[in-house]
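Examining the three-dimensional arrangement
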Amino acid sequence: MPRSDDLAYAAACAEVGARFILLPASAEPVSRDGLTAHAAARVGAARLRLPDGAVLTVLAPPPTQLARHLDDLAGGEGRNGWPDALAVTTPRRLRTALRAAVAVRTEARVRGILAREEPQLSASTAPSIAFRTALSIGILALAYGLVSGPSVLPWAIFVTSALVFHVTAGLRLMVAVNMRPVAAPEAAPPLPPAALPFYTVMVCLYREAGMVPTLAAALDRLAYPRDRLEVLVLLEADDAETRAAAEAGFTAPHVDILVVPPGRPRTKPRALAYGLAFARGDLVAVFDAEDRPAPDQLLKAAAHLVGGGPSVACVQGELRIDGDDRLIQKLFAIDYAALFSGMLPWLARQGAPLPLGGTSNHIKRKALLVCRGWDPYNVTEDADLGIRLQRFGFRSDVLASHTREESPDRFADWLPQRTRWLKGWMITWLVHSRRPGDLVRECGFKAAALFHATAFTQVMAPLVHPLGMVAYGLHLAGVKPVPDLGGAIGAVLLGLAGFAILVGYGAAFVIARRAVRAIGRPDLLPWTFALPVQWMLVSIAAWKALFELIFKPHYWAKTTHRSRPVEKA
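Residues numbered from 1 in each chain as written. Predicted model: local features only at pLDDT ≥ 70, side-chain atom pairs only at ≥ 80, totals over all residues. Heavy atoms only, no water.

**A look at the overall build of the protein chain**
Looking only at helices and strands, one finds 18 helices and twelve strands in the protein chain. Residues counted as buried form 55% of the 569 residues belonging to the protein chain. Sequence separation of 24 or more characterises 82% of the internal contacts of the protein chain that already satisfy a separation of 6 or more. When the accessible surface of the protein chain is summed, it comes to about 23700 Å², and 62% of that surface belongs to carbon and sulfur atoms. (Helix = DSSP H or I, 4+ residues; strand = E, 2+ residues; numbered from the N terminus. Buried < 20%, exposed > 50% of the residue type's maximum accessible area, 1.4 Å probe, protein only. Contact = heavy atoms within 4.5 Å. Areas by Shrake-Rupley, 256 points an atom, 1.4 Å probe, with all protein chains shown as cover.)

**Thoughts on the state of the cysteines**
This model, assessed by the stated rule, comprises zero disulfides. Cys 314 supplies the cysteine sulfur nearest to Cys 371, a cysteine that is in no disulfide, at a spacing of 9.6 Å. Judged by relative accessible area, which is 0%, Cys 371 ranks as buried. (Disulfide = S-S within 2.5 Å.)

**Describing helix α10 (residues 297-307)**
Along α10, the residues classified as buried are Gln 297, Leu 298, Ala 301, Ala 302, Ala 303, His 304 and Leu 305. Looking at the residues trailing α10, positive phi occurs at Gly 309, about 90 degrees.

**Concerning a nonpolar patch on the surface**
A cluster of nonpolar side chains, contributed by Leu 327, Trp 527 and Val 533, occupies part of the molecular surface with about 240 Å² of accessible area. Relative to the elements of secondary structure, Leu 327 occurs in helix α11 (residues 327-349). The exposure class of Leu 327 is partly exposed, given its relative accessible area of 36%. (Patch = residues over 30% accessible without salt bridge, like charges linked within 9 Å, V, L, I, M, F, W, Y side chains within 5 Å. Salt bridge = Lys/Arg side-chain N within 4 Å of Asp/Glu carboxyl O.)

**Things to note about the sheet that holds strand β6 (residues 229-236)**
The sheet built from eight strands is open, its strands ordered β7-β6-β5-β8-β11-β10-β12-β9 with mixed pairing. The open sheet is flanked by β7 (255-260) and β9 (292-293), the only strands paired with a single partner. The strands that α10 touches are β5 (199-205), β6, β8 (283-287), β9, β10 (312-322), β11 (361-364) and β12 (395-406); relative to β12, the one it contacts most, it runs at about 175 degrees. (Pairing = 2+ DSSP bridges. Axes fitted to C-alpha atoms, helices over the stretch in contact; angles between N-to-C directions.)

**Thoughts on the sheet that holds strand β2 (residues 45-49)**
Each strand in a sheet pairs with its neighbour through backbone hydrogen bonds, running either in the same direction (parallel) or in the opposite one (antiparallel). The strand order across the open sheet formed by four strands is β1-β2-β3-β4, and the pairing between neighbours is mixed. Every other strand in the sheet has two partners, leaving β1 (28-29) and β4 (86-88) as the edge strands with one partner each. Of the strand pairs in this sheet, β2 and strand β3 (residues 55-59) are connected by five bridges, and their pairing is antiparallel. Within β3, the residue paired with Ala 45 across the bridge is Leu 59. In the packing of helix α4 (residues 91-117) onto the sheet, contacts are made with β1 and β2, and the angle to β2 comes to roughly 65 degrees.

**Side note on the packing of aromatic side chains**
Applying the stated criterion to the full structure yields eleven aromatic pairs. Summarising the aromatic geometry, the rings of Tyr 274 and Phe 278 are spaced 5.1 Å apart at their centres and angled 70 degrees between planes, so their arrangement reads as edge-to-face. With a gap of four residues between them, Tyr 274 and Phe 278 both fall in helix α9 (residues 268-278), about one helical turn apart. By relative accessible area, Tyr 274 is classed as buried at 2%. Plain terms: the ring middles of Phe 509 and Phe 529 are 6.0 Å apart, the flat faces sit at 40 degrees to each other, and that makes the pair tilted. Placement of Phe 509 in helix α17 (residues 487-518) and of Phe 529 in the loop between α17 and α18 (531-551) is noted, with a sequence separation of 20 residues between them. Note on Phe 529: relative accessible area 57%, which makes it exposed. (Phe/Tyr/Trp six-rings, centres within 6.5 Å; stacked < 30°, edge-to-face > 60°.)

**Description of the packing of helix α1 (residues 4-16) against helix α3 (residues 66-74)**
Contact pair α1 / α3: the axes reach a minimum separation of 10 Å and the direction vectors enclose 30 degrees. For the element pair α1 / α3, the angle class is roughly parallel. Helix-helix and strand crossings are classified by hand; for α1 and α3 the assignment is right-handed. Within the contact between the two elements, α1 uses Tyr 9, Ala 12, Cys 13 and Val 16 and α3 uses Leu 66, Leu 70, Asp 71 and Ala 74. Across the contact of α1 with α3, the residue classes break down as seven nonpolar, no polar and one charged. (Parallel < 35°, antiparallel > 145°, perpendicular 65-115°, else oblique. Left-handed = near helix turned anticlockwise from the far one by under 90°. Nonpolar A, V, L, I, M, F, W, Y, C, P; charged D, E, K, R; others polar.)

**Regarding the pairing of β7**
Burial within β7 is extensive, with five of its six residues counted as buried. Relative to β7, β6 runs parallel, the two sharing six bridges. Residue pairing for β7: Val 231 is matched across the bridge by Val 255.

**Considerations on the packing of helix α14 (residues 411-431) against α18**
Contact geometry for α14 and α18: axes closest at 8 Å, N-to-C directions at 60 degrees. By the angle between their directions, the pair α14 and α18 is classed as oblique. You can see that α14 and α18 cross each other, and the crossing is right-handed. Residues Phe 411, Trp 414, Leu 415, Arg 418, Thr 419, Leu 422, Lys 423, Met 426 and Ile 427 of α14 form the contact with α18, whose participating residues are Gln 534, Leu 537, Val 538, Ile 540, Ala 541, Ala 542, Lys 544, Ala 545, Leu 546, Glu 548 and Leu 549. Per-class residue counts for the contact of α14 with α18 are 14 nonpolar, two polar and four charged.

That is the geometry; function is a separate question.
So, in structure tokens, the structure goes:
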């Protein structure tokens, strides 16, 4: 089906007697020598063989240069002056054909680039077989100890959980005391139109046909010059339903649909790595199927990245949850508010690595290429990328702009998503702990320490928290009573444990309550007292993630999204 750019080019060609063709995606270059993904996205002419065997030189000048090119080639002589073996098509159609010619080899190259060039930073071999074996033995030993082990074990577990909570409590307390959400006055001044960089927006869709209308409308509301914007919609090869919906729903000339060739692992970061190979933008943004970014978000991000100097390579937009009718959604909304209005701004002010969100991050393309882009083998590719950017000498910041999105409304949908996030955090921590000295040398001691503290909190706190509760419950029930270790020692240990729990819980409540006020959601304040429910659910996800780490570390559990009515502009 012709798009508006097809009609405009056809009309311009008709005026001068030029030959216009709706170039099919199956057209192949006569020679592929020297054709790269970079060239396929940028060249304006190619000699192609059409499906019927005809060979043509196909031109695709940009819209601003179309009239001049047509006049020059027609020679002012009308149809008789136009070469027979020459035709014109739109830049979008030429890019589609050339990308298809290099698709398979491009996918193979980008999927393994990090593992080949920076293997110590790749999750392709994490966790190792030895680590997975040792972890399995440790879990079995722990389970046996709780059931049949000595009675001192529950006491040891309870004390260990308290020590873990001291780290969590300390980090939360620092955030709570120094919490200062991003405010509009901190934003960079806007850039004049002539100074705006070219922008690539990438969206990965898999089994998301129902989300296409809402997403297309949301992206269409982005207030960025269309001649400096491209949108790459990345689809999987076996998803015919979403492809049909995307071809019907994304009709603007600046939107290209890319089908990622089959490959493993089938993850979002693999699709992003493929899209990056063809991206033309100086800046790259990532959004998800359910996202509705603020219309001026690209403008603000461009100003921040351009005005921040060469070291600022990435800015993270704030994510806010809509549609929080159920308890699990309200807790999700509070969790996001605490993260994006509390934790991330504080980490950015400390100069620490920023664990990015999976969406609404805006990154300089050159920085992405330097740090080898997204890791296809890491299922929390956003957090990993934030650490890796810092290790390569770049800095990330938070952006005074928000994106609205939906949260899972059922535990059955929430659990796989949270399991994937936590499993990815485990892998990220393993990868960046391979050479601890290198991390300190590349990031600095403070930044490295804050990364480990953040990872420790993300991974260990939800794993150990229920163990401590179980151990204490076994003691109260008389099943595994804690032995008398001496009045003074027991009192000190219990006092330290109680203090850590009190500070950790209290700081979390303070962060959550200040954060929901900061985003203008005072209606969520009463629900902050239900946060312990959220923490127990996260613990369930953490233990599920630990088992997946052993048996299927690179498995990507897709989050189910539900379509909603298209919002009016």
